[in-house]
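So you can see what is in the structure, the chains are spelled out below.
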Amino acid sequence: MEKIASFQINHDTLLPGMYLSRVDGDVTTYDLRFIRPNTPPYMENGAMHTIEHLVATYVRNSRHKDGIIYVGPMGCRTGFYLLTRGLTHQEVIDLTVAALDFAAGFEGDIPGASRVECGNWLEHDLAGAKALCRQQAQTLRGWTPEQLTYPK
């Protein structure tokens, strides 16, 4: 079988940041890398789950909501994928930083985290999510479209 694009990236050189993973027709996939691969500790499931709820809620309520296809975690627990349509790279970078800032400062009940709304409603970690988002927002603050290229 052909090796998929995400397995063709040298994970030994990949640092936290935001990268253009692939473009399929009009859908653009971004790699939001929170943790340097193969360097534990990895993101804990509860924190990742909470980030997913907070960031997805934010971007799907933003002025760019019609351009958001998907926000979801990587199985390796080092980051997230963000799929968009019809947005510029700079719009996606700015939206991502805003979503991370929102999550880093979030107080209250996690959106969609009740038993009837979520399939794993008990596994959330708001404090952990906020810390990870604060760190990632700092990493991406000032990020430019030219920095979206994976390192060699």
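Residues numbered from 1 in each chain as written. Predicted model: local features only at pLDDT ≥ 70, side-chain atom pairs only at ≥ 80, totals over all residues. Heavy atoms only, no water.

What is the right way to look at the sheet that holds strand β3 (residues 68-73) in this model?
Strand-to-strand pairing in sheets goes through backbone hydrogen bonds, with the strands running parallel or antiparallel. Spatially, β1-β2-β4-β3 is the arrangement adopted by the four strands of the open sheet, whose pairing is antiparallel. This sheet does not close on itself; its edge strands, each paired only once, are β1 (17-24) and β3. Each adjacent strand pair in this sheet contributes to an overall mean axis angle of 20°, direction not counted. When β3 meets strand β4 (residues 79-85), the two strands line up antiparallel, connected through five bridges. Note on β4: the bridge partner recorded for Ile68 is Thr84. The strands that helix α1 (residues 45-59) touches are β3 and β4; relative to β3, the one it contacts most, it runs at about 165°. Across the sheet, helix α3 (residues 126-140) lies against β1 and β2 (27-33), angled at about 80° from β1, the strand it touches most. (Pairing = 2+ DSSP bridges. Helix = DSSP H or I, 4+ residues; strand = E, 2+ residues; numbered from the N terminus. Axes fitted to C-alpha atoms, helices over the stretch in contact; angles between N-to-C directions. Contact = heavy atoms within 4.5 Å.)

Would you explain the pattern of salt bridges in this entry?
When their charged atoms lie close together, side chains carrying opposite charge are able to pair. Under the criterion given, the structure shown has five salt bridges. Among the ionic pairs, Asp26 bridges to Arg85, the shortest N-O distance being 2.8 Å. Separated by 59 residues along the polypeptide, Asp26 in the loop between β1 and β2 and Arg85 in strand β4 bring together distant segments of the chain. Look at Asp26 and you get partly exposed, because its relative accessible area is 47%. Residues Glu107 and Lys130 are paired through a salt bridge, measuring 2.6 Å at the closest nitrogen-oxygen approach. Of this pair, Glu107 sits in the loop between α2 (89-104) and α3 while Lys130 sits in helix α3; the two residues are 23 residues apart in sequence, bridging distant segments of the chain. (Salt bridge = Lys/Arg side-chain N within 4 Å of Asp/Glu carboxyl O. Buried < 20%, exposed > 50% of the residue type's maximum accessible area, 1.4 Å probe, protein only.)

Looking at this structure, how should I read unusual backbone geometry?
When glycine is set aside, most residues are seen to have a negative phi, and most peptide bonds are trans. The omega torsion across Pro40 and Pro41 is 10°, close enough to zero to call that bond cis. Not every positive phi belongs to a glycine, and Asn38 is a case in point at roughly 60°. With respect to the helices, strands and loops of the structure, Asn38 is situated in the loop between β2 and α1. Phi is positive for Arg77, which is not a glycine, with a value near 65°. Structurally, Arg77 is set in the loop between β3 and β4.

Is there a simple way to think about the packing of α2 against α3 in this case?
Each pair of packed helices gets described by two things: the angle between the helix axes and the distance between those axes. Axis separation between α2 and α3 bottoms out at 8 Å; the angle between their running directions is 150°. Here α3 runs roughly antiparallel to α2, going by the angle between their axes. Like other packed secondary-structure pairs, α2 and α3 cross with a definite hand, here left-handed. Between α2 and α3, the contacting residues are Thr96, Val97, Leu100, Asp101, Ala103 and Ala104 on the first element and Lys130, Cys133, Arg134, Gln136, Ala137 and Leu140 on the second. A breakdown of the residues in the contact of α2 with α3 according to their chemical character gives seven nonpolar, two polar and three charged. (Parallel < 35°, antiparallel > 145°, perpendicular 65-115°, else oblique. Left-handed = near helix turned anticlockwise from the far one by under 90°. Nonpolar A, V, L, I, M, F, W, Y, C, P; charged D, E, K, R; others polar.)

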